[in-house]
Amino acid sequence: MALRKKSDSGSKRILKEKVVQIYERFFQGEDVLQDNPNFWDELFLLKPNIAHLEAEVQKLNGEQILQLKPHINRFFAECIKTLSHEHHIRILYALQTLSALTSSMYKKSYGDCGFDIINILMGFDIAEKRMHQLLNHCNDFLVGDWPNSLKSICLKLLLIIVTGTDNVSQNTLLEYLMMDSILDTLMKLLCNSNTRLKFGYDVIMLLTLLVNYRKYESANPYVVKLSILDNELALNGYGLVITHSLAKFCQQFALHQQEPQSVKWFTSLTSIVGNIFVSEDDNTRSQQIRANTGILLALYEIVHLNRNFVTVLAHTQNDIGVESALIDKSETNPPSTDAAVVPTEASSSSEPLNLLITVFQYCSIVMQDTKSEESNNNVKLCFIILTCITEDQYANSLMHDLHLLYKVQLFRMPMRHRQVTQEKSSQPLAATLLDLLTEFMMSHMMKRLPLELYLQCVGIVHRLICYQKKCTIRINYNWKELWEALIMLLKFLLTNENHLSKKINIFNLALQVINIFNLFITYGDTFLASPRSYDLLYYEIIRMHMVFENLYTLAFKYSSIDGDLKDSISKLISSLINVRAIINHFSPKIEKWMGEHSYSTPTEDEILEILRKNYDSLTLKLLDSLDQYERYSEKPYHTSFFTSLVRNVVIDTKQNIDYINLDLQTVLKEFSSIS
C-alpha cells in the first residue's frame, strides 16, 4: 500500500503553523532534507504541536508505518542527538517530541499493526546504543543543575516508556532500562527534599513498575538493588512520599465525615429502596481508592524487599506540609533512647506524621467497604503489607515498644447495633493494630463473606500474639474485645453454615480462630498483662460455651464426608480439645455453686472466683505448633493477584501522564535563572 497521499485542500487552503506542515510532509514520506539541509536544527527551535504529531501517527496503518521506518528511526535519533545541544529550549522541545513520538507508537502497536516498537523507533541494530544515549541524558538532566520543567518532562518520558504496554513484563523496551539502571538517579531525587516534593510521586511510581518487570522470570536488577538499599535518606524519602499520599486521602475522608449530615434521611431512604441508585460519593471514593493502589503497591514492594525500610515505619516525618489533626501528638510519649528517629530536614507548621500510623488510618477507611473489586483488592493489599510488617522482628519491636505510645484515630463504620465507643487512650502501635483487626472482624460478617480477607486478618492477629509469646511482652490491652470478635465470627459461621459451606471452607477459618484461643489458653500467662486477664479468657469461653459446642457438633457432622474439607475438619476437631475440656471442667463447678446458693445467677466476680479455686484440677493437653505459621510468600500464592494489580496501576498511571501542558514563560524563566 502506498504512503498516505496529500489531501487536496480545494481552491482555498487553510493556513497552518510551520511545525504542523512539517509533520504532515514527514508522515507523508517526503524527503524533508532535500530542500533544507539544516532541517533538524530548525525543527527543534519550533514549539512542538504534540496533539497534531500524535494525530498524524494515528492516521497511519501498519504497512505505512513500516514504510516510514527509516524516517521514524532518523526522527528518533535526531531527537536524542539534540539532547546534547547547548540551547536549552531545543533540549526541552526534543524531549517533548520524543515523548509524543514514543507514546503515539505505543498506541499504534496496541492494535493490529503488528510491528515491534524497538524496530520502528530505533532499529534493532542500533537500539542498544540509542537507549544508552537516551538514558545517559535522562540521568544527567534529573540529577544535574537543570530546570524543574526539564526534569519533569524527562520523568514523564520515562513513565511513557515504562507504561507502554498494559502488561509491564511484555514491554521489550524495558530491557534497556535493565541494562542501564536508573535506580541511583531515582534515589538521589528522593534524598533531596526539593526534588522529592516536586517529583517524588513520579519517582516512586516509576521505580515500582520497573521492579515488577519480569520479576518472576529472571533476575531484575531493580529488585536486587532495592532489596539491599541502605541509604537512610533515600529510604526515608521513599517513606515520606507514601506518607504524604495516604495522609492526604485520610484528611479528605476526615473532613467529609465532619460535614453536616443533612442528607441522612435521603441515604436511609435509598437504603430501604434497595440501593437502586449508585451513590456519587461511592463512585468518587472508589476512584480515589483505586488511585492509591499504585502508592500502596510501592509501599508493599519496599516493605517486602527491604528490611532496612522497617526502621522508617515509626519515624517521625514532617518535612512535607501535611496536616495531622488525625493524630493527637500531645498524647504521644517521648520515644525511648533506642528508638530510630530521623531528624527532619525542614521545619513545618504542621504536626509530624508517622508512616505506620498513617497506614493504620488508611486501612480503617478503605476496609469499610469491600464490595467493589477495587476496594477488595485495596484491602487485600493492605493486609498483605501488614502481614509482612508483623513477620518482621524489628517492626514488631517498634509496635510493641511500651515507650512509644500514640493516640490514633481509627475510622469506624457506622452500624446501628453498636454504640460509639469511647476514645482510646495512648497505647503501643500493636494495640492500635489489634483494634483495627477487631474492627474488621466485627463489621464484615455478611453472606458474601470475604473469606480471604478474614484469613489474612486472623493471620495478622496470630503473628502479633506469636511475637508477644516469644518475647514475653505484656501490653496493656483490653483482650476481651478481641475474644468477643473472634467468638462472634464463629457464631456467624455457625448461623450461616448452610449458605457459606457450599461456597467456602469455613472450617479452615474456624481452625485459625480456635488456634488463637489455644495460644491464649496454653501460653497466655507469658504475655497477658495480669492473672485477671487470664481469668477473663476462661470466663468468656464458658459464657459463650454453646458456640464452641455447636462448632464441635458441626465439625463432627461433616467429618464423615470425604472431600477437600476433611483435613481442615479433622484439625478443627482436634484443636477444640482444650476449649471443651475447660467447658466440661468448670460448668459442673458453676452449677454446683448455683445449687448451693439461693439465687441462680452468679456475678462475674463470683464466677471468676470459682475459676481460680478450680484451676489446679484442670487437665489440658499441650498442643503442638501453636506459635508456628507459614511465612508470607508472593510466589506462587499471589502472583496472579499482583500481575492484575500492576496492570491496573500501569493503565491508571498512563492515563494521568501529562507531558504537553508546559507554560513556556515559566520555562524560559527557569532556564534564564539557571544560566
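Residues numbered from 1 in each chain as written. Predicted model: local features only at pLDDT ≥ 70, side-chain atom pairs only at ≥ 80, totals over all residues. Heavy atoms only, no water.

### Some words on the overall build of the chain
Moving on, step 1. Counting secondary structure elements, the chain contains 32 helices and two strands.
Moving on, step 2. Taking all 675 residues of the chain together, the buried fraction comes to 54%.
Moving on, step 3. Residue pairs at least 24 apart in sequence account for 81% of intrachain contacts in the chain once pairs closer than 6 positions are excluded.
Moving on, step 4. Accessible surface, the chain: about 31700 Å² in total, of which carbon and sulfur atoms supply 50%. (Helix = DSSP H or I, 4+ residues; strand = E, 2+ residues; numbered from the N terminus. Buried < 20%, exposed > 50% of the residue type's maximum accessible area, 1.4 Å probe, protein only. Contact = heavy atoms within 4.5 Å. Areas by Shrake-Rupley, 256 points an atom, 1.4 Å probe, with all protein chains shown as cover.)

### Examining the layout of surface pockets
Moving on, step 1. Quantified by volume, the second largest pocket comes out at close to 1100 Å³.
Moving on, step 2. For the second largest pocket, the lining is made up of 33 residues, of which Arg463, Asn508, Gln512, Tyr629 and Glu630 are closest to its centre.
Moving on, step 3. For the lining of the second largest pocket, the secondary structure elements donating two or more residues are α19 (373-390), α22 (451-471), α25 (506-527) and α28 (566-575).
Moving on, step 4. Among the elements that line the lining of the second largest pocket, the one with the most residues is α22, at seven residues.
Moving on, step 5. Split into classes, the residues belonging to the lining of the second largest pocket amount to ten nonpolar, 15 polar and eight charged. (1 Å grid on protein atoms, 1.4 Å probe; cavity = no way out; pocket = protein on both sides within 12 Å on 5 of 7 lines; lining within 4 Å. Points joined across faces, edges and corners; volume = space filled by probe spheres on them. Nonpolar A, V, L, I, M, F, W, Y, C, P; charged D, E, K, R; others polar.)

### A few points about unusual backbone geometry
Excluding glycine, residues mostly have negative phi values, and the peptide bonds linking residues are mostly trans.
Moving on, step 1. Residue Pro636 is bonded to the preceding Lys635 through a cis peptide linkage, with omega at 10°.
Moving on, step 2. Tracing the chain through its elements places Pro636 in the loop between α30 (604-613) and α31 (639-656).
Moving on, step 3. In this model, Arg214 sits at a positive phi of 50°, which is unusual for a non-glycine residue.
Moving on, step 4. Position of Arg214 among the secondary structure elements: in the loop between α12 (193-211) and α13 (221-228).
Moving on, step 5. Phi is positive for Ser625, close to 60°, though the residue is something other than glycine.
Moving on, step 6. Residue position: Ser625 is located in the loop between α30 and α31.
Moving on, step 7. With a relative accessible area of 52%, Ser625 lands in the exposed category.

### Focus on the state of the cysteines
Moving on, step 1. One pass over the full model with this rule turns up zero disulfides.
Moving on, step 2. In this structure Cys250 is not part of a disulfide, and its nearest cysteine sulfur, from Cys363, lies 8.9 Å away. (Disulfide = S-S within 2.5 Å.)

### Brief notes about the pattern of salt bridges
Moving on, step 1. If you walk through the whole model with that rule in mind, you get 25 salt bridges.
Moving on, step 2. Of the charged contacts, one joins Asp392 and Arg307 as a salt bridge, the two residues approaching to 3.1 Å between their closest N and O atoms. Of this pair, Asp392 sits in the loop between α19 and α20 (393-399) while Arg307 is found in the loop between α17 (293-305) and β1 (316-317), placing the two residues 85 residues apart along the sequence.
Moving on, step 3. Arg307 sits in the exposed class, given a relative accessible area of 57%.
Moving on, step 4. Ionic contacts of the salt-bridge type, sharing partners, join the residues Lys480, Glu484, Glu540 and Arg543 into one network. (Salt bridge = Lys/Arg side-chain N within 4 Å of Asp/Glu carboxyl O.)

### Quick notes on the nonpolar core
Moving on, step 1. Of all hydrophobic cores here, the largest spans 223 residues; its most connected members are Leu173, Leu177, Leu299, Phe309, Phe520, Tyr538 and Phe548.
Moving on, step 2. Considering every element that reaches this core, the biggest residue donor is α25, with 13 residues. (Core = buried A, V, L, I, M, F, W, Y, C linked by side-chain atoms within 4.5 Å.)

### Quick word on the packing of aromatic side chains
Moving on, step 1. Summed over all chains, the structure comprises 26 aromatic pairs.
Moving on, step 2. Measuring from ring centre to ring centre gives 5.1 Å for Phe383 and Phe440, while their planes differ by 85°; the resulting arrangement is edge-to-face. Taken together, the residues Phe383 in helix α19 and Phe440 in helix α21 (residues 429-443) connect sequence positions 57 residues apart.
Moving on, step 3. Taken together, a centroid distance of 5.9 Å and an interplanar angle of 85° make the contact between Phe586 and Tyr615 edge-to-face. Remark: Tyr615 occurs in the loop between α30 and α31 and Phe586 occurs in helix α29 (residues 577-596); sequence separation between them is 29 residues. Of the two residues, Phe586 and Tyr615, both sit in the buried class.
Moving on, step 4. Counting every residue linked through ring pairs, the aromatic cluster contains Phe26, Phe27, Phe39, Trp40 and Phe75.
Moving on, step 5. The positively charged end of Lys215 is found above the aromatic ring belonging to Phe642, 5.7 Å away from the centroid. (Phe/Tyr/Trp six-rings, centres within 6.5 Å; stacked < 30°, edge-to-face > 60°. Lys NZ or Arg CZ within 6 Å of the ring centre and 35° of its normal.)

### Description of α30
Moving on, step 1. Buried within α30 we find Ile607, Leu608, Ile610 and Leu611. Mapping the buried residues of α30 onto a view down its axis gives an arc of 155°, with all of them on the same face.
Moving on, step 2. Tucked into the core, α30 has its buried residues touching α26 (531-543) and α29. (Arc of directions from axis to C-beta.)

### Section: the confidence of the model for the chain
Moving on, step 1. Summarising the model, the chain shows a mean pLDDT of 85, and 84% of its residues fall at 70 or more.
Moving on, step 2. Below pLDDT 50 for its whole length, residues 262-279 participates in two contacts with residues either more than four positions away or in separate chains.
Moving on, step 3. Here residues 320-351 is modelled with pLDDT under 50, and outside its nearest four sequence neighbours on either side it reaches 70 contacts, counting other chains as well. (pLDDT = per-residue confidence, 0-100.)

### A few points about the side chain of Ser575
Moving on, step 1. With respect to the helices and strands, Ser575 occurs in helix α28.
Moving on, step 2. The class of Ser575 is buried, set by a relative accessible area of 5%.
Moving on, step 3. Once residues lying within four places of it in the same chain are set aside, the contact partners of Ser575 are Leu511, Ile514, Asn515, Asn518 and Leu623.

### Thoughts on the packing of helix α1 (residues 18-27) against helix α3 (residues 50-59)
Moving on, step 1. It is at 10 Å that the axes of α1 and α3 come closest, and there the two elements cross at 20°. One finds that α1 runs roughly parallel with respect to α3. Along this stretch, α1 crosses α3, giving a crossing that reads as right-handed. Of the residues in α3, those touching α1 at Val20, Tyr23, Glu24 and Phe27 are His52, Leu53, Glu56 and Val57.
Moving on, step 2. The class makeup of the residues in the contact of α1 with α3 is five nonpolar, one polar and two charged. (Axes fitted to C-alpha atoms, helices over the stretch in contact; angles between N-to-C directions. Parallel < 35°, antiparallel > 145°, perpendicular 65-115°, else oblique. Left-handed = near helix turned anticlockwise from the far one by under 90°.)

### So, the side chain of Asn212
Moving on, step 1. Of note, Asn212 is situated in the loop between α12 and α13.
Moving on, step 2. Looking at Asn212, its side chain comes within polar contact range of the side chain of Glu301, at 3.3 Å. (Polar contact = N/O pair within 3.5 Å; in protein donor to acceptor, adjacent residues only side chain to side chain.)

### Focus on helix α9 (residues 148-162)
Moving on, step 1. Counted at 1.5 Å a residue, the expected span for α9 with its 15 residues is 21 Å, and the 21 Å between its end C-alpha atoms agrees.
Moving on, step 2. With 13 of its 15 residues buried, α9 lies for the most part within the structure. (Expected span 1.5 Å × (residues − 1).)

### Concerning the environment of Tyr406
Moving on, step 1. If you trace the backbone, Tyr406 turns up in the loop between α20 and α21.
Moving on, step 2. A relative accessible area of 4% places Tyr406 in the buried class.
Moving on, step 3. The spacing of Tyr406 and Ser426 is 20 residues in sequence and 4.8 Å in space, taken between C-alpha atoms.

### Digging into the packing of helix α11 (residues 183-191) against helix α14 (residues 232-258)
Moving on, step 1. Remark: α11 packs on α14, axes separated minimally by 8 Å, with the N-to-C direction vectors making an angle of 70°. On the basis of their axis angle, the class for α11 and α14 is roughly perpendicular. Listed contacts from α14 to Met187, Leu190 and Cys191 of α11 are Leu233, Ala234, Gly237, Tyr238 and Val241.

### Things to note about the environment of Gln628
Moving on, step 1. Within the element layout of this structure, Gln628 appears in the loop between α30 and α31.
Moving on, step 2. For the pair Gln628 and Cys466, spaced 162 residues apart in the sequence, the C-alpha separation amounts to 7.8 Å.
Moving on, step 3. Among the polar contacts made by the side chain of Gln628, one reaches the side chain of Asp627 at a distance of 3.4 Å.

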